[in-house]
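# Examination of the molecular architecture
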Amino acid sequence: MGRVTVRRPVRMLTPNGERTRPDALAAEEPLELRVAGSPLAVTMRTPGNDVELAHGFLLSEGVIGDREDVMTARYCAGADDDGRNTYNVLDVALSPGVPGPDPGVERNFYTTSSCGVCGKAALDAVALTTRYSPAEADLPVTPEMLSTLPDALRERQKVFASTGGLHAAALFTADGTLLHVREDVGRHNAVDKVLGKALLDGAIPAADHGLLVSGRASFELVQKAAMAGIPLLAAVSAPSSLAVELAAEQGMTLVGFLRGTSMNVYTRGDRVAET
């Protein structure tokens, strides 16, 4: 399996002079996702939890809605220059009766680690319809609880602590318990890994969970949360305009700039108790 971190020499320049030392970098490698042997997408990700990533990706694209929709997920043969398996090609076999991906899900066969929708074949395919509407989900939270989440997330970002180069996502409960934490060079990959873990655990729809992300809240992250039936998305940084529009449309609570005891509640503020 590919390494999560890679060490490289770095020349450090400081006011006190310069020196060369080894530096830990977050690993970034391509993962080709296939369904029934046919290529579907390539994403740049941090190796690890690839089966979760595949399940979360297929969930958020509307291909599957339950763990029983997938029969197998296995690595394909692929060797590097030394003849070792790269573990960078994953093939998913859907269960009998589960339709394959709609043509609109197809990518232009490459997505960067920072943008999961850049290669969409059709913009109309972006606004997917969830099987699990989050609008009626009841997840009452308090500002005091929400304010504890970023620090709790940071404490569990082990690879970020050594590299400073990874995004993180986590599912949390109404009392502030972080359930699953995943890190990745791509924010959308981190979310897919968390959603895939929940799907494999039989916890989708996740109507009694919130989603926490370490960076900004994009349209795609709101979409992924909605596809999993998650009623609340909290982000440490800013949301985009489309993210707010989609959250309002889906009946989701969207919290941004979650820093210390301050935060902005953009939509469905009724789930967040008054201070």
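Above this text is the structure in question.
Now for a look at the structure at hand. (Residues numbered from 1 in each chain as written. Predicted model: local features only at pLDDT ≥ 70, side-chain atom pairs only at ≥ 80, totals over all residues. Heavy atoms only, no water.)

## A closer look at the environment of alanine 243
Structurally, alanine 243 is set in helix α6 (residues 241-250). Its relative accessible area of 0% is what places alanine 243 among the buried residues. A sequence separation of 25 residues divides alanine 243 from serine 218, and the C-alpha atoms of the two residues are 5.3 Å apart. With residues near it in sequence (within four places) discarded, alanine 243 still touches Ala217, Ser218, Phe219, Val222 and Leu254. (Helix = DSSP H or I, 4+ residues; strand = E, 2+ residues; numbered from the N terminus. Buried < 20%, exposed > 50% of the residue type's maximum accessible area, 1.4 Å probe, protein only. Contact = heavy atoms within 4.5 Å.)

## Topic: the sheet that holds strand β5 (residues 70-75)
One open sheet holds the 4 strands; their spatial order is β4-β3-β6-β5, and the pairing between them is mixed. In this open sheet, the two edge strands, each paired with only one partner strand, are β4 (38-45) and β5. Within this sheet the neighbouring strands show an average axis-to-axis angle of 20 degrees, counted without direction. Of the pairings in the sheet, the one linking strand β3 (residues 29-35) to β4 comprises 7 bridges and is antiparallel in character. Along β4, the bridge assignment pairs leucine 33 with alanine 41. (Pairing = 2+ DSSP bridges. Axes fitted to C-alpha atoms, helices over the stretch in contact; angles between N-to-C directions.)

## Some thoughts on the pattern of salt bridges
Should their charged atoms come close, side chains of opposite charge can pair. Throughout the structure, instances matching the rule amount to 12 salt bridges. A salt bridge links arginine 21 to aspartate 23, with the shortest nitrogen-to-oxygen separation between them at 3.8 Å. Between arginine 131 and aspartate 69 there is a salt bridge, and its shortest N-O distance comes to 3.8 Å. One end of the pair, arginine 131, is in the loop between β6 (89-94) and α2 (143-155); the other, aspartate 69, is in the loop between α1 (50-60) and β5, and 62 residues separate them in sequence. Look at arginine 131 and you get partly exposed, because its relative accessible area is 49%. Owing to a relative accessible area of 15%, aspartate 69 belongs among the buried residues under this scheme. (Salt bridge = Lys/Arg side-chain N within 4 Å of Asp/Glu carboxyl O.)

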